[in-house]
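Chain by chain, the residues:
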Amino acid sequence: HLEHLEDDILNQGKEGGFNSIAFLKELGEMLSTPQSSVRVTTKWDGAPAVICGTDPQTGKFFVGTKSVFAKTNPKVMYTKDQIDNTYNGKLAQKLKDCLEHLPKLGISGVIQGDLLFTDDKTTDKIDGVKNIVFTPNTITYAVPDLSTLGDKVSRAKVGIVFHTTYTGSSLQDMSASFGVDISKFKKTSDV
């Protein structure tokens, strides 16, 4: 869970204030020198959170929501039939789209991302320019149609931003770390 800087002050009081000051000093250091312990990312507002990858116990590809980590009754989806028996409506369809297209990336291990779009993209003119538009959660994103990114978004069946890598010998015992190395993923126009 990503918190805002000011939340640390509200959550931790005086200690949070000192943490915030230390973070800002380190952020200043990061911006002026190559060595820093701070990592900066862009926050994307997608939904749902999709957990996917190779189950370390079965070796099978799966998709799911954060419920894959539940201690009792985890919802790990290996097939479209399992998705249909567990979920319904738009969520079920989005998970089925992920199950169909995300394996094409050759993901090894378990990762998490925010789903940006499946078949819910539309077009709209903004300042006279045609854009591909999608609203996965509360923020509406617009990508110029006649751009390199617009071409990729237009052809993609699934748009997702991966941000967390999990490690462990079973889904229930995994630990999370920031970032996903996508350089090893296979290229596909579908994702």
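The structure we're discussing is the one just above.
Residues numbered from 1 in each chain as written. Predicted model: local features only at pLDDT ≥ 70, side-chain atom pairs only at ≥ 80, totals over all residues. Heavy atoms only, no water.

**Q** Break down unusual backbone geometry for me, citing the residues and quoting the values.
**A** Even without being glycine, Asn73 reaches a positive phi, approximately 55 degrees. With respect to the helices and strands, the residue Asn73 is situated in the loop between β2 (61-64) and α3 (80-86). Of note, the phi angle at Asp127 is positive, near 55 degrees, even though the residue is not glycine. As for its position among the elements, Asp127 is in the loop between β4 (122-126) and β5 (129-134). (Helix = DSSP H or I, 4+ residues; strand = E, 2+ residues; numbered from the N terminus.)

**Q** Which residues make up the nonpolar core, and what are the values?
**A** One finds Cys52, Val63, Ile83, Leu102, Ile107 and Phe162 to be the most contacted residues of the largest nonpolar core, which totals 21 residues. Of all the elements, helix α4 (residues 89-101) adds the most residues to this core, at four residues. With sequence-adjacent residues up to four places away left out, Cys52 is seen in contact with Phe61, Phe62, Val63, Leu102, Ile107, Gly109, Val110, Ile111 and Phe162. (Core = buried A, V, L, I, M, F, W, Y, C linked by side-chain atoms within 4.5 Å. Buried < 20%, exposed > 50% of the residue type's maximum accessible area, 1.4 Å probe, protein only. Contact = heavy atoms within 4.5 Å.)

**Q** An account of the sheet that holds strand β8 (residues 175-178) is needed here, citing residue identities and associated values.
**A** If you walk across this open sheet you meet the five strands as β2-β1-β3-β7-β8, and the pairing is antiparallel. Every other strand in the sheet has two partners, leaving β2 and β8 as the edge strands with one partner each. For this sheet, the mean angle separating the axes of adjacent strands, direction not counted, is 30 degrees. Strands β1 (49-54), β2 and β3 (110-117) of the sheet are contacted by α4, whose axis makes an angle of about 155 degrees with β2. (Pairing = 2+ DSSP bridges. Axes fitted to C-alpha atoms, helices over the stretch in contact; angles between N-to-C directions.)

**Q** For the pattern of salt bridges, give the residues involved together with the corresponding values.
**A** Tallied over the entire structure, the rule returns eight salt bridges. A salt bridge links Asp151 to Arg155, with the shortest nitrogen-to-oxygen separation between them at 3.1 Å. Of this pair, Asp151 and Arg155 both sit in helix α5 (residues 148-155), four residues apart, which is roughly one turn of that helix. Of the charged contacts, one joins Lys184 and Asp181 as a salt bridge, the two residues approaching to 3.4 Å between their closest N and O atoms. In this structure Lys184 comes out as exposed when scored by relative accessible area, which is 68%. We classify Asp181 as partly exposed; its relative accessible area is 44%. What emerges from the salt-bridge pattern is a single network uniting Lys104, Lys157 and Asp190. (Salt bridge = Lys/Arg side-chain N within 4 Å of Asp/Glu carboxyl O.)

**Q** Quick rundown of the sheet that holds β4? Include the residues and the values.
**A** The antiparallel open sheet is built from three strands, whose spatial order is β4-β5-β6. Each edge of the sheet is formed by a strand with only one pairing partner; in this case those strands are β4 and β6 (141-144). Here the strands of the sheet are splayed against their neighbours by 40 degrees on average, with no regard to which way each runs. With five bridges connecting them, β4 and β5 associate as antiparallel partners. Opposite Thr123, over in β5, you have Ile132 as the bridge partner.

**Q** Residues and numbers for the environment of Leu91, please.
**A** Inspection of the secondary structure assignment puts Leu91 in helix α4. Since its relative accessible area comes to 29%, Leu91 is described here as partly exposed. A sequence separation of 83 residues divides Leu91 from Asp8, and the C-alpha atoms of the two residues are 33 Å apart. Beyond its immediate chain neighbours, meaning those up to four positions away, Leu91 contacts Pro48 and Thr65.

**Q** Tell me about the pairing of β6, and please be specific about residues and values.
**A** Regular strands show a simple pattern: their side chains alternate between the two faces of the sheet. Only one face of β6 is buried, namely the one carrying Tyr141 and Val143, since none of Ala142 and Pro144 on the opposite face is buried. Bridge analysis of β5 against β6 gives four bridges, and the strand direction is antiparallel. Following the sheet pairing, Val133 is matched in β6 by Ala142. Here β5 folds back onto β6 in antiparallel fashion, the turn holding six residues.

**Q** How would you summarise helix α2 (residues 14-32) if you had to cite specific residues and measurements?
**A** Between its first and last C-alpha, α2 extends 28 Å over 19 residues, near the 27 Å set by a 1.5 Å rise per residue. All of the buried residues in α2 are Gly16, Gly17 and Ser20. The buried residues of α2 occupy an angular sector of 105 degrees when projected down its axis, which confines them to one face. Residues of α2 that are exposed and angled more than 90 degrees away from the buried face: Lys14, Glu15, Phe18, Lys25 and Ser32. Where α2 is buried, its residues touch α1 (5-12). (Expected span 1.5 Å × (residues − 1). Arc of directions from axis to C-beta.)

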